Structures are given as structure tokens and as C-alpha cells.
Amino acid sequence: MRLIFLQHSNKFTKNWLKCNNINLHIIEQILSTVASREKLSKKDWMYDLDISVEKNYSSGYYFGVNELHISSQACGYKQRKRKLQAFLTNVLHEFRHWIQDKLFGVPGDELDYTSKDVENSAAAYWNNKHEIDARAFEVKYMQKCYDLYIALERF
């Protein structure tokens, strides 16, 4: 089993999560479940992962660093359901990059695009095989994770 332990890395993140009624412990349980499904292992593993909600528009994960950066602007919906879905989508996308890095051993230099490429949705970013994989991953898991989040929240 793989266990993911999340911690907010700054006061803005803590306040943003609280104001938007997003429970980090539920997100931990969901990510632990997803990680266990993605890479089976007979060993037990524990990972500490920081989560940082950012004021800027772009979410990100930097290979070699145990930190997910999630854009508050990308989650700027008023309706809670849409906000939570957007948050989970961003978390899942960046978490997939973490999985690529930590569980699959993908070298960071294989994501060979610039922040300008990301901003402009350039082919170097859009067609990168690891970005394609991360987008497919978020589509595969978003609705399941949303449903699980709601179920665990009610539990």
C-alpha cells in the first residue's frame, strides 16, 4: 500500500482550502488509493507531499520536488461542485507528474518545454507524451475521485 501524506505549504493555501471547504485528509486518502492502483507493490510506502495553492493561473509540478502547485484561478468557480471538480482535475494532473517522477522514474528533462510553451499551449507542451499521459490520467480518475470525495465527506 502506498500512503500519501499531504501538508499545506503556506498560509494562503491553508486559508484557501478552509474558505473553499476542501478537506486535505480526504484528498490524501484519494491520492493514496490512486497511487496504489497505478503501481502495485508488495512493499508499504509512505510519501510526504506538499500542496501549494497559488494565486497565479498555472498549476505545476517540478520533477525532483515533492510539491504540487495548484492554481486558485483555475479553480475560480462559484459553485462548489465545479470548484471541487476543477481542484481535483488540477491535483490529479500534477499528481500524475509526481507519479511519473517518483514511481515510474521518468527523467524530468523528458518534459522539455518552457513556461512560455505552457502559456501559449505550444506543440512542445501540448504534444509531450507525459503531458498527454497526465491529461488522460485526470480524465480517467476525476469523476471517480469526485464521487469518492463526496462519499468520504458524508462519511
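Everything below is about the structure printed above this text.
Residues numbered from 1 in each chain as written. Predicted model: local features only at pLDDT ≥ 70, side-chain atom pairs only at ≥ 80, totals over all residues. Heavy atoms only, no water.

Caption draft 1: Geometry of helix α3 (residues 80-102). With 23 residues, α3 extends 32 Å between its outermost C-alpha atoms, agreeing within 8% with the 33 Å of an ideal straight helix rising 1.5 Å per residue. Most of α3 is tucked away, with 18 of its 23 residues classed as buried. (Helix = DSSP H or I, 4+ residues; strand = E, 2+ residues; numbered from the N terminus. Expected span 1.5 Å × (residues − 1). Buried < 20%, exposed > 50% of the residue type's maximum accessible area, 1.4 Å probe, protein only.)

Caption draft 2: Quick peek at the side chain of Glu131. By the element assignment, Glu131 lies in helix α6 (residues 129-154). For the buried Glu131, no salt bridge exists, and the shortest N-O distance to an oppositely charged side chain is 4.6 Å, to Arg135. For Glu131, the side chain forms a polar contact with the side chain of Tyr113, separated by 2.2 Å. Filtering out sequence-adjacent residues up to four positions away, Glu131 remains in contact with His93, His97, Leu111, Tyr113 and Tyr125. (Lys, Arg positive; Asp, Glu negative; His and termini not counted. Salt bridge = Lys/Arg side-chain N within 4 Å of Asp/Glu carboxyl O. Polar contact = N/O pair within 3.5 Å; in protein donor to acceptor, adjacent residues only side chain to side chain. Contact = heavy atoms within 4.5 Å.)

Caption draft 3: The arrangement of a nonpolar patch on the surface in detail. On the surface, Leu3, Phe5 and Met46 cluster together to form a nonpolar patch covering roughly 280 Å² of accessible area. The topology assignment puts Phe5 in strand β1 (residues 2-8). (Patch = residues over 30% accessible without salt bridge, like charges linked within 9 Å, V, L, I, M, F, W, Y side chains within 5 Å. Areas by Shrake-Rupley, 256 points an atom, 1.4 Å probe, with all protein chains shown as cover.)

Caption draft 4: Structural context of the pairing of strand β4 (residues 67-71). Here β4 lies mainly inside the structure; four of its five residues are buried. As paired strands, strand β2 (residues 45-54) and β4 are joined by five bridges and run parallel to one another. Residue pairing for β4: Asp50 is matched across the bridge by Glu67. As defined by bridge partners, strand β3 (residues 60-61) adjoins β4 across two bridges and the pair is classed as antiparallel. Bridge pairing links Gly60 to His69 in β4. (Pairing = 2+ DSSP bridges.)

Caption draft 5: Broad picture of the pattern of salt bridges. This structure, assessed with the given rule, holds five salt bridges. Between Arg96 and Glu38 there is a salt bridge; the shortest N-O distance is 2.6 Å. In this pair, Arg96 sits in helix α3 while Glu38 sits in helix α2 (residues 24-38), placing the two residues 58 residues apart along the sequence. For Glu38, a relative accessible area of 18% gives the class buried. Here Arg80 makes a salt bridge to Glu153, at a shortest N to O gap of 2.8 Å.

All quantities given are derived from atomic positions and should not be read as evidence of function.
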